[in-house]
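# Residue-level structural notes
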Amino acid sequence: RHQTLVIMIKKLIKFVVALFAPSATKAFITEQKAGEIASNFLADMSKTMKADSMKAMGDTWFAPTISWEWSGPQVGEGTPADLVKEFDSTWGSMVGSFSPGKPMVILDSVAKSVMMVFDLVIDINASGKAPTCLMDNKPVAFTLTFDDDMKVTKWDGFWDPNEPTMVECIGKLQGEL
């Protein structure tokens, strides 16, 4: 009787372990590819600020439906054109340059997400229409979630919206325009 109980407990433990064990499914990308994605995305953000429009980035990166949730809060969902319009009328109209540091990249291969954490310098100068005002070397995190076609379906952005130099620069910008 004792032996039967031990066997049943072992089977139960194996069942529970198997039930909660990570899936052995193939990762949607490698860690190396996640690093390339992060570097390319940040490079395209820098180009976006120089171009004064996120349209090219939207065409390249975004799925037909995308949601975004950025610190502030700035939250939405819609087409790439909706995100481009919102971005261009907010951050895109305020920031003249976007200079990220080398990102630390975290891959969640189950959720199909890539997180990048990086220091950032931005010039909040109304795309060159106001004097330079730098928010300098503050940490930022972006998480991109992808569909099976490697298009972004969700873009999360995290930073401190009350960071003093950013608040000061935005205040100066509002006074300038």
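For the structure itself, consult the block above.
Since we're looking at a predicted model, the values are computed, not measured.

The rules behind these values
Residues numbered from 1 in each chain as written. Predicted model: local features only at pLDDT ≥ 70, side-chain atom pairs only at ≥ 80, totals over all residues. Heavy atoms only, no water. Core = buried A, V, L, I, M, F, W, Y, C linked by side-chain atoms within 4.5 Å. Buried < 20%, exposed > 50% of the residue type's maximum accessible area, 1.4 Å probe, protein only. Helix = DSSP H or I, 4+ residues; strand = E, 2+ residues; numbered from the N terminus. Contact = heavy atoms within 4.5 Å. Phe/Tyr/Trp six-rings, centres within 6.5 Å; stacked < 30°, edge-to-face > 60°.

We now examine the nonpolar core. Of all hydrophobic cores here, the largest spans 42 residues; its most connected members are F41, M45, F142 and W155. Sort the elements by how many residues they give to this core and helix α2 (residues 31-51) lands first, with seven residues. Apart from the residues within four sequence positions on either side, F41 is in contact with M57, W61, F62, M116, F142, L144 and W155.

Now for the packing of aromatic side chains. On inspection of all chains with the given rule, the structure shows 13 aromatic pairs. Here F28 and F146 contribute two aromatic rings whose centre-to-centre distance is 6.3 Å and whose plane-to-plane angle is 40 degrees, an arrangement assigned as tilted. Separated by 118 residues along the polypeptide, F28 in the loop between α1 (2-20) and α2 and F146 in strand β6 (residues 134-146) bring together distant segments of the chain. What makes F146 buried here is its relative accessible area of 4%. Ring centres of F41 and W61 lie 5.1 Å apart, and the angle between their planes is 85 degrees; on these two criteria the pair is classed as edge-to-face. Remark: W61 occurs in helix α3 (residues 55-61) and F41 occurs in helix α2; sequence separation between them is 20 residues. W61 sits in the buried class, given a relative accessible area of 10%. Put simply, the rings of F41, W61, F62, W68, W70, F87, F98, F118, F142 and W155 touch in pairs and so form one group of aromatic residues.

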